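Architecture at a glance
So the chains spell out like this:
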Amino acid sequence: MTFQPHGKHLIAGQWLGSDVTFNSAPATGPVHAFSHGTVDLVDQAAQAAEEAFWSFGYSTRAERAAFLHAIADEIEARADAITEIGSQETGLPVARLQGERGRTTGQLRLFASHILAGDYLDRRHDKALPDRAPLPRPDIRMIQRPIGPVAVFGASNFPLAFSTAGGDTASALAAGCPVVVKGHDAHPGTGEIIAEAIHAAIKSCDLHPGVFSLVQGGTRDVGQALVQHPLIRAVGFTGSLGGGRALFDLCAQRPEPIPFFGELGSVNPMFLLPDALAARAVDLAKGWAGSLTMGAGQFCTNPGISVVIDGPDAQAFTDAAIEALGAVGAQVMLTEGIANAFRAGRDRIGAATGVQSVLTSTCDLRNATPYLFATTGKEWLENAALGEEVFGPMGMIVRVTDLDEMLAVAKSLEGQLTCTLHMDAGDADVAKRLMPVLERKAGRILANGFPTGVEVCDAMVHGGPYPASTNFGATSVGTMAIRRFLRPVCYQNIANDILPDELAD
């Protein structure tokens, strides 16, 4: 079926318009008009979320699990329409949208299973010791409880899995926290149809309508109003370093500061160790090229940097990378703004001292083609700007003189989402030297793989030290993401009949 957007906001169960509209900018297909968000709509949504919390925050795990399954069912019921408008708005291929939809419904169902198991509650009980000397010990119990309404900012590069019903929303709802989503202008129609699915699930589960709201578009003051609203208790964000840092600062400056869980970007360096490079330089280069250009390089885990020890093997790797990347044609980027930023970043890196352009191409409008640069370890260490993310299919090879300089490059890194080791058995001693450094730099360390593609599971960490994310103790992917929207509460000498059900004997 074809989806025809109505262009309104979902606020506490009502579809509301506003006086000002904006037009979508699809890669293909029709343009649609959408209502601009306003500060007043944000206030209405936050007020409704707070009202909903008094029931939803104290609902049973079974009730919330049923709600998450209902959302997944409603999304699947709209599968073809979601793929159609998502592909039109973003330019992403149909197969990518279908896979991302599966990931979205899968993580909703995963969180349903996770909360039913109950381990996330971290229940603890220190029984009373009335006869302990010199002082008795009271009965003390602890459990994790939901924090209240959560704001979520939709991501540009994942219209489904990191947006309206993405991981931030799924984990917050699983925790018992109502959600107010600020939709991304890159895919407002996709956001609207997903909001319709959530709205249908709310009605079928007979929940308070304030449990979810969607505010579309709007100027900067709308996002500011959302993170500064006194009823919002935490923020989930995936996006640029500049935008995320501005919102993070606003959260910190509130009269009552709140946590800002921002995933802001990373260059995801790969370290190609000597034996691995000697044995399979060409295969590594081909794999890197595929990962680097996947989705036009618009993944936060895009491996933009390869660190190699200079010599014939490094040259073989470079030659193979040039050949593989040169065969990749132009790809449509998510928005014209992202395409412009990619070209600006390419020009900035290309003009830097000590940087050599080894593969250049031509791209314009909303398209992107691969670029490859090379520099030395010395130049890298002297120019911190070379380590700044360029969002798109651009790679840099850093040629170091020896293992000590490779280690120095690793120590110079800012916080990363991922770091990768390509190694053979003979590289183990070198890898052991690097591991303590990489553990301090990244949330996820890989061996002999490529970081694009983030498994949604219990053990996954998608986060890292700043600027990869604003809270190094959190993840935005995997079941541990629920911890962001919980806080521990201790109960001392509280009778069973008024304890939370999960703590009562």
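Look up a bit, the structure's there.
Quick look at the layout of surface pockets
In this structure, the largest pocket occupies an estimated 1,200 Å³ of space. Those elements giving two or more residues to the lining of the largest pocket turn out to be α7 (220-228), β10 (234-238), α8 (241-253) and α11 (336-350). Per-element tally for the lining of the largest pocket: the top contributor is α11, with six residues. A per-class count over the lining of the largest pocket returns 16 nonpolar, 20 polar and eight charged. For the second largest pocket, the calculated volume is near 240 Å³. Together, 16 residues line the second largest pocket, and Tyr58, Ser59, Thr60, Arg145 and Glu502 are the ones closest to its centre. For the lining of the second largest pocket, the elements supplying multiple residues, two or more each, are α2 (61-77) and β6 (140-146).

Points about the packing of aromatic side chains
The final tally for this structure, using the stated rule, is 13 aromatic pairs. Residues Trp288 and Phe317 carry aromatic rings whose centres are separated by 5.5 Å and whose planes lie at 20° to one another, so their mutual orientation is stacked. In this pair, Trp288 is assigned in helix α9 (residues 274-293) and Phe317 in helix α10 (residues 312-326), connecting sequence segments 29 residues apart. Its relative accessible area of 0% is what places Trp288 among the buried residues. Residue Phe317 is classed as buried on the basis of its relative accessible area, which comes to 0%. Three or more aromatic residues joined by ring pairs make a cluster, and in this case those are Phe153, Phe237, Phe248 and Phe260. Lying over the aromatic face of Phe158, Arg96 brings its terminal NZ or CZ to 4.7 Å of the ring centre.

Re the sheet that holds strand β21 (residues 486-492)
Backbone hydrogen bonds hold the strands of a sheet together, and the pairing may be parallel or antiparallel. Taken in spatial order, the three strands make up an open sheet running β5-β6-β21, and their pairing is antiparallel. With partners counted over all chains shown, the strands left at the sheet margins are β5 (124-126) and β21, one partner each. Across the sheet, the axes of successive neighbouring strands diverge by a mean angle of 25°, strand direction being ignored. Pairing of β6 with β21, which is carried by seven bridges, proceeds in the antiparallel orientation. Paired with Met142 across the strands is Cys490, a residue of β21.

Observations regarding the pairing of strand β20 (residues 442-447)
As paired elements, strand β19 (residues 416-422) and β20 share five bridges and run parallel to each other. Within the sheet, the bridge partner assigned to Leu421 lies in β20 and is Ala447. Considered for its hand, the β-α-β crossover made up of β19, helix α14 (residues 428-441) and β20 is right-handed.

Thoughts on α8
Here α8 is 13 residues long and its end C-alpha atoms lie 18 Å apart, about the 18 Å a rise of 1.5 Å per residue gives. Turning to α8, its buried residues are Gly244, Leu247, Leu250 and Cys251. Projected down its long axis, α8 shows its buried positions confined to an angular sector of 120°, all on one face. Opposite the buried face of α8, by more than 90 degrees, sit the exposed residues Gly242 and Gln253. Buried-residue contacts for α8 involve β7 (150-153), α7, β10 and β11 (260-263).

Regarding the nonpolar core
As a rule of thumb, nonpolar side chains are buried together in soluble globular proteins. The biggest cluster of nonpolar side chains holds 94 residues, and the ones touching the most others in it are Phe67, Phe212, Phe271, Met396, Leu434 and Phe485. Contacts of Phe485, omitting those with residues within four sequence positions, involve Arg145, Pro146, Ile147, Val150, Asp168, Ser171, Ala172, Ala175, Cys177, Ala234 and Phe261.

Some points on the environment of Leu108
When you line up the elements, Leu108 lands in helix α4 (residues 94-117). Linking Leu108 and Ala174, residues 66 residues apart in sequence, is a C-alpha distance of 8.5 Å.

Digging into the pattern of salt bridges
A complete count under the given rule lists 16 salt bridges for this structure. When the shortest N-O distance is used, the salt bridge between Arg109 and Glu76 registers 3.1 Å. Of this pair, Arg109 sits in helix α4 while Glu76 sits in helix α2, and the two are 33 residues apart along the sequence. In this structure Arg109 comes out as partly exposed when scored by relative accessible area, which is 23%.

A closer look at the sheet that holds β19
Read from one edge to the other, the open sheet built from seven strands follows the order β15-β17-β18-β13-β12-β19-β20, with strand pairing classed as mixed. Since the sheet does not close on itself, it has two edges, and those belong to β15 (356-359) and β20, each with one partner. Across the sheet, the mean angle from the axis of one strand to that of its neighbour is 25°, orientation sign disregarded. Pairing analysis gives three bridges linking strand β12 (residues 270-272) to β19, with the strands arranged parallel. Paired with Leu272 across the bridge in β19 is His422.

Focus on empty space enclosed by the protein
A complete count under the given rule lists three cavities of 30 Å³ or more for this structure. Put simply, the largest cavity is a space of about 130 Å³. Classifying every residue of the lining of the largest cavity gives nine nonpolar, five polar and two charged. There is about 80 Å³ of room inside the second largest cavity. Considering the residues around the second largest cavity, the lining is formed by 14 residues, among which Phe261, Gly262, Glu263, Ser469 and Ala474 are closest to the centre. With four residues, the top contributor of residues to the lining of the second largest cavity is β11.

Structural notes on the environment of Ala25
Within the element layout of this structure, Ala25 appears in the loop between β3 (21-23) and β4 (33-35). Between the C-alpha atom of Ala25 and that of His187, which follows or precedes it by 162 residues, the distance is 8.3 Å. Not counting residues up to four positions away in its chain, the partners in contact with Ala25 are Glu89 and Arg366.

A word on the packing of α4 against helix α5 (residues 167-175)
At a closest axis distance of 9 Å, the pairing of α4 and α5 adopts a crossing angle of 25°. One element, α4, and the other, α5, form an angle in the roughly parallel class. α4 and α5 meet at a crossing whose hand is right-handed. Contact residues: Gln107, Leu108, Phe111 and Ile115 in α4; Gly167, Ala170, Ser171 and Ala174 in α5. Within the contact of α4 with α5, the residues separate by chemical class into five nonpolar, three polar and no charged.

Analysis parameters
Residues numbered from 1 in each chain as written. Predicted model: local features only at pLDDT ≥ 70, side-chain atom pairs only at ≥ 80, totals over all residues. Heavy atoms only, no water. 1 Å grid on protein atoms, 1.4 Å probe; cavity = no way out; pocket = protein on both sides within 12 Å on 5 of 7 lines; lining within 4 Å. Points joined across faces, edges and corners; volume = space filled by probe spheres on them. Helix = DSSP H or I, 4+ residues; strand = E, 2+ residues; numbered from the N terminus. Nonpolar A, V, L, I, M, F, W, Y, C, P; charged D, E, K, R; others polar. Phe/Tyr/Trp six-rings, centres within 6.5 Å; stacked < 30°, edge-to-face > 60°. Buried < 20%, exposed > 50% of the residue type's maximum accessible area, 1.4 Å probe, protein only. Lys NZ or Arg CZ within 6 Å of the ring centre and 35° of its normal. Pairing = 2+ DSSP bridges. Axes fitted to C-alpha atoms, helices over the stretch in contact; angles between N-to-C directions. Right-handed = clockwise from strand over helix to strand, strands pointing away. Expected span 1.5 Å × (residues − 1). Arc of directions from axis to C-beta. Contact = heavy atoms within 4.5 Å. Core = buried A, V, L, I, M, F, W, Y, C linked by side-chain atoms within 4.5 Å. Salt bridge = Lys/Arg side-chain N within 4 Å of Asp/Glu carboxyl O. Parallel < 35°, antiparallel > 145°, perpendicular 65-115°, else oblique. Left-handed = near helix turned anticlockwise from the far one by under 90°.

Keep in mind these values describe shape, not function.
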